Amino acid sequence: VQVVESGGGLVQPGGSLRLSCAGSGFTFSTYVGRWYRQAPGKERELVAGINSANGITYYADSVKGRFSISRDNAKNTVYLQMNSLKPEDTAVYYCAAVTIATLRHYWGQGTQVTVSS
């Protein structure tokens, strides 16, 4: 099981980015896809999640209305569309493929998102 994130970068406040999480060695449609982030000096926090089998989504309060998680089962990929970005969204964003039965996490290497003018 392997997941690889891409799409991070530097963006100005109010801008947008789309992160991608490509899975291999498993089928995302039978896992939960989650995005976490970790800012310097802070704990890793859950940002959004999607049950790829039924499409049910979850968002942290801090990103509701600004971020959108989606999946393309044909491409075995989960996306995180981030709009109206704020400096406090600056963090390393990690994708995880999570087994439904045991909640075991398979982590990607992370992608840096920096929101700054």
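Everything below is about the structure printed above this text.
Below you will find a few notes about this structure. Model, not experiment: these values are computed from the prediction.

1. Thoughts on the environment of Ala 74
Okay, so step 1: The residue Ala 74 is located in the loop between strand 7 (67-72) and strand 8 (77-82) in this model.
Okay, so step 2: You can call Ala 74 exposed: its relative accessible area is 78%.
Okay, so step 3: Distance in space between the C-alpha atoms of Ala 74 and Phe 28 is 9.4 Å, their sequence separation being 46 residues.

2. Description of the packing of aromatic side chains
Okay, so step 1: Applying the stated rule across the entire model yields five aromatic pairs.
Okay, so step 2: Seen from their ring centres, Phe 26 and Phe 28 are 4.8 Å apart, and the 70° between their planes marks the pair as edge-to-face. Per residue, the accessibility class of Phe 26 equals that of Phe 28, and both read buried.
Okay, so step 3: Among the aromatic side chains, those forming a connected cluster through ring pairs are Phe 26, Phe 28, Tyr 31 and Tyr 106.

3. A word on the nonpolar core
Okay, so step 1: Phe 28, Trp 35, Phe 67, Ile 69, Leu 80, Met 82 and Tyr 93 are the most contacted members of the largest nonpolar core, which has 28 residues in total.
Okay, so step 2: Every element with two or more residues in this core is listed here: strand 3 (17-24), strand 4 (31-38), strand 5 (45-51), strand 7, strand 8, strand 9 (91-99) and strand 11 (111-115).
Okay, so step 3: Dropping the residues within four chain positions of it, Met 82 is found in contact with Gly 15, Ser 16, Leu 17, Leu 19, Arg 66, Phe 67, Tyr 93 and Val 113.

4. Things to note about the sheet that holds strand 1 (residues 2-6)
By definition, the strands of a sheet pair up through backbone hydrogen bonds, in either a parallel or an antiparallel sense.
Okay, so step 1: Strands sit in the order 1-3-8-7 across an open sheet of four strands; the sheet is antiparallel. Whereas interior strands pair on both sides, the edge strands pair on one side only; in this sheet they are strand 1 and strand 7. Direction aside, neighbouring strands of the sheet carry axes that sit 15° apart on average.
Okay, so step 2: Pairing of strand 1 with strand 3 involves five bridges; the strand directions are antiparallel. By the bridge assignment, Val 3 is partnered in strand 3 with Gly 23.

What counts, and where the lines are drawn
Residues numbered from 1 in each chain as written. Predicted model: local features only at pLDDT ≥ 70, side-chain atom pairs only at ≥ 80, totals over all residues. Heavy atoms only, no water. Helix = DSSP H or I, 4+ residues; strand = E, 2+ residues; numbered from the N terminus. Buried < 20%, exposed > 50% of the residue type's maximum accessible area, 1.4 Å probe, protein only. Phe/Tyr/Trp six-rings, centres within 6.5 Å; stacked < 30°, edge-to-face > 60°. Core = buried A, V, L, I, M, F, W, Y, C linked by side-chain atoms within 4.5 Å. Contact = heavy atoms within 4.5 Å. Pairing = 2+ DSSP bridges. Axes fitted to C-alpha atoms, helices over the stretch in contact; angles between N-to-C directions.

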